[in-house]
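# Geometric and topological summary
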Amino acid sequence: MSEIRKIITYFFHHSFSKEMINRVHRRMIAKRNEKEQEEACFSLWEEIGFPRDEHRTKEAFRRLQHRLDKSAPKRTLSVFLKRASIAALWILSLVLIASSVYMYRDASAMRQQLAQVSMIEHFVPVGKREMITLPDSSRVWLNSGSVLVYPSAFFGDRREVYLSGEGYFEVDGNNEWPFMVNVRALDVEVLGTRFDVWAYPESKEIKATLEQGTVQVHLNEVADRIYQLKPNEQLVYHVNNKEVDVRQVRSADYSDWRSGGLFFDNASFRDVIRTIERNYGVTVHLHTSVYNDNRLTIHFKKDESLENIFMLLKELIPGLEYQIAPKDVYLD
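Only a predicted model underlies this, so the values are computations on that prediction, with no experimental measurement involved.

Between helix α9 (residues 269-280) and helix α10 (residues 306-316), whose axes approach to 12 Å, the crossing angle comes to 170°. With respect to their mutual orientation, α9 and α10 come out roughly antiparallel. Contacts between α9 and α10 involve V272, I273, I276 and Y280 from the first element and L306, I309, F310 and L313 from the second.

We now examine the sheet that holds strand β17 (residues 322-324). If you walk across this open sheet you meet the three strands as β15-β18-β17, and the pairing is mixed. Each having just a single partner strand, β15 (283-286) and β17 make up the two edges of the open sheet. Ignoring strand direction, the axes of neighbouring strands in this sheet form an average angle of 15°. As judged from the four bridges shared by β15 and strand β18 (residues 328-331), these two strands associate in the parallel manner. Pairing of H285 across the sheet is with Y330, part of β18. α9 rests against β15 and β18 of the sheet, and its axis sits at about 145° to β15. Against the sheet, α10 makes contact with β15, β17 and β18, and its axis sits at roughly 180° relative to β17, the strand it touches most.

Looking now at α10. Note that an α-helix has 3.6 residues per turn; residues three or four places apart therefore point the same way. Turning to α10, its buried residues are L306, I309, F310 and L313. All buried residues of α10 fall inside an arc of 90° around its axis, so they share one side. In this fold, the buried residues of α10 make contact with β14 (262-268), α9, β15, β16 (295-300), β17 and β18.

L148, F169, V188 and F195 are the most contacted members of the largest nonpolar core, which has 31 residues in total. Aside from chain neighbours lying at most four places away, what touches L148 is I120, E121, H122, I132, L134, V140, L142, V161, Y162, L163 and F169. If you look at the next biggest cluster of nonpolar residues, it comprises 22 residues, including V282, Y291, Y322 and V329.

A few words on α9. Taking 1.5 Å as the rise per residue, α9 with twelve residues should run 16 Å; its terminal C-alpha atoms sit 17 Å apart, in good agreement. When α9 is considered as a whole, its buried residues turn out to be F269, D271, V272, I273, T275, I276, R278 and N279. Looking at the buried residues of α9, the elements they touch are β8 (194-199), β14, β15, β16, α10 and β18. One or two steps after α9, the chain reaches G281, where phi turns positive at roughly 65°.

Our next topic: the confidence of the model for the chain. In the predicted model, the chain carries a mean pLDDT of 76, and 65% of its residues have values of at least 70. Here helix α5 (residues 74-83) is the element of the chain with the lowest mean pLDDT, 39, and strand β3 (residues 139-142) is the one with the highest, 97. Here residues 48-52 is a poorly scored stretch, pLDDT under 50, and it has 13 contacts once near neighbours within four places are set aside; other chains count. This stretch, residues 63-105, has a pLDDT under 50; its non-local contacts, to residues over four places away or in other chains, come to 77 contacts.

Under the criterion given, the structure shown has ten aromatic pairs. Consider the rings of W198 and Y200, whose centres lie 5.7 Å apart with planes at 75°: the pair is edge-to-face. Classification of Y200 as buried rests on a relative accessible area of 3%. Put simply, the rings of F154, F169, W177, F179 and F195 pair up and form one aromatic cluster.

Here is what the cut-offs are and how they apply
- Residues numbered from 1 in each chain as written.
- Predicted model: local features only at pLDDT ≥ 70, side-chain atom pairs only at ≥ 80, totals over all residues.
- Heavy atoms only, no water.
- Axes fitted to C-alpha atoms, helices over the stretch in contact; angles between N-to-C directions.
- Helix = DSSP H or I, 4+ residues; strand = E, 2+ residues; numbered from the N terminus.
- Parallel < 35°, antiparallel > 145°, perpendicular 65-115°, else oblique.
- Contact = heavy atoms within 4.5 Å.
- Pairing = 2+ DSSP bridges.
- Buried < 20%, exposed > 50% of the residue type's maximum accessible area, 1.4 Å probe, protein only.
- Arc of directions from axis to C-beta.
- Core = buried A, V, L, I, M, F, W, Y, C linked by side-chain atoms within 4.5 Å.
- Expected span 1.5 Å × (residues − 1).
- pLDDT = per-residue confidence, 0-100.
- Phe/Tyr/Trp six-rings, centres within 6.5 Å; stacked < 30°, edge-to-face > 60°.

This is the structure in structure tokens:
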């Protein structure tokens, strides 16, 4: 085992004084023995059990940067970033942090804990709405046709869930334990709040609406594009052109679906039809595209009948005709 490997391995599993930490920082960013440093880091990387997957490595490092900004010397970090590969940087950063804040003090124990965590997938069928309680006691209401994926126990420095569809979240507040909702194209990060996320896969828009507290919305494709919302603000992400709008709304309207209402604010005709299909468990057969350019603003009361919904839509859209069968609606 090389001297560099011995230093990294021993440094990883033990705690040291601040003076010693800085000495190792300087040793590890030195230009000499760069190849041995990288090989030693990769060896420790694989010992912990993390794969050499570039996408996951970059994502892990992105999330680690927030911690590094607080715990690592700025000058040392900037030099180090220029000289190390992504994978070696990630694991070496962990080594440097572990010595001062005792993270990953016992890698094998960490692996055992992770092995006991399973991922749960909760799907809500069309025509239904459900509420579930997460392992941290946070509550989530899921709209029709939505899927929420979450761990059986939250582990690590943040709580993360994955949403496809629409969910209303009441997050158990903890300033030291952020909560993250991952949807396609963006992440919604909170500390403790109430908010609604609308992110159905077939829609050209993703919406995050804040009712109480504070949230930050991170765009996945651009690391520095972060939006902070205030109560009664809504962020709309347009999938096709990747543009973002932030506007004032009445947030309670956007969570009315929990009690059976339907609210559309300048919604596309297709989104209106798909929402009706999910909530009423019907298939809408559209024989023309003439109505696709229509955008609708309308609020249906709790458990409005399907007949009344299409009667009102007919009033709003000139020329629209419909026929309702038990499980089908035909539009002409």
